[in-house]
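# Structural overview for review
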Amino acid sequence: PNRAKKQLIRRIDPVFQQYHSRGFEIDEVLADNEFQCIEADILPTRLNLVSRNEHVGEVENSNKYLKQTVRSLLCSVGARRVPKAMVIAAMDLATTCSNAFPARNGISNSLSPSTIVTGRQPLNFNNLKVTFGSYVQIHIHNNPTNTMQPRTIDAIALNP
């Protein structure tokens, strides 16, 4: 990953904007030392840096959980190797699902983190028709003709 100041700011700005759009103020950011270069850029938010060779426990646990979930998703596909696009889609799905339910020790017993931050209604998992990595046929929207040409193509479901 690119850890340059410009790249860090480009990645953290949308997060700040999302929270601010919902009326939240970010008082403090917990991070490791590589984020020190953006300290002045995120003021008045405090940047709390951990000591050298230490990690932010909450972040590490979250990353560990997401990696385990992605590993499970990719193993369920049954392929020895998967394309990068599938790994990225698995990470997106793992993140979406982990934020779709109220956190056990969160600020709400009924609202998910995703609903709190985005304001969108939670996913209705009963509406999902396919699972990650499933073989599917996708309809091609072209000008219908009376030929015997196929109107679907083979695909793998990445975002059920």
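Report follows, based on the coordinates. (Residues numbered from 1 in each chain as written. Predicted model: local features only at pLDDT ≥ 70, side-chain atom pairs only at ≥ 80, totals over all residues. Heavy atoms only, no water.)

Under the criterion given, the structure shown has two salt bridges. For the salt bridge of Lys-5 with Asp-41, the shortest nitrogen-to-oxygen distance reads 3.2 Å. Residue Lys-5 is found in helix H1 (residues 5–21), and its partner Asp-41 is found in the loop between strand E1 (28–31) and strand E2 (46–49); the two are separated by 36 residues along the sequence. The class for Lys-5 is partly exposed, based on a relative accessible area of 39%. Accessibility expressed as a relative area gives 41% for Asp-41, which makes it partly exposed. (Salt bridge = Lys/Arg side-chain N within 4 Å of Asp/Glu carboxyl O. Helix = DSSP H or I, 4+ residues; strand = E, 2+ residues; numbered from the N terminus. Buried < 20%, exposed > 50% of the residue type's maximum accessible area, 1.4 Å probe, protein only.)

Attention now goes to the packing of aromatic side chains. The full count for this structure, using the stated rule, is one aromatic pair. With a centroid separation of 6.1 Å and an interplanar angle of 70°, the aromatic rings of Tyr-19 and Phe-24 are classed as edge-to-face. (Phe/Tyr/Trp six-rings, centres within 6.5 Å; stacked < 30°, edge-to-face > 60°.)

So, about the layout of surface pockets. In this structure, the second largest pocket spans a volume of roughly 160 Å³. If you trace the second largest pocket, you find it lined by Ala-89, Asp-92, Leu-93, Thr-96, Cys-97, Leu-123, Phe-125, Leu-128, Leu-158, Asn-159 and Pro-160. Partitioning the lining of the second largest pocket into residue classes produces eight nonpolar, two polar and one charged. (1 Å grid on protein atoms, 1.4 Å probe; cavity = no way out; pocket = protein on both sides within 12 Å on 5 of 7 lines; lining within 4 Å. Points joined across faces, edges and corners; volume = space filled by probe spheres on them. Nonpolar A, V, L, I, M, F, W, Y, C, P; charged D, E, K, R; others polar.)

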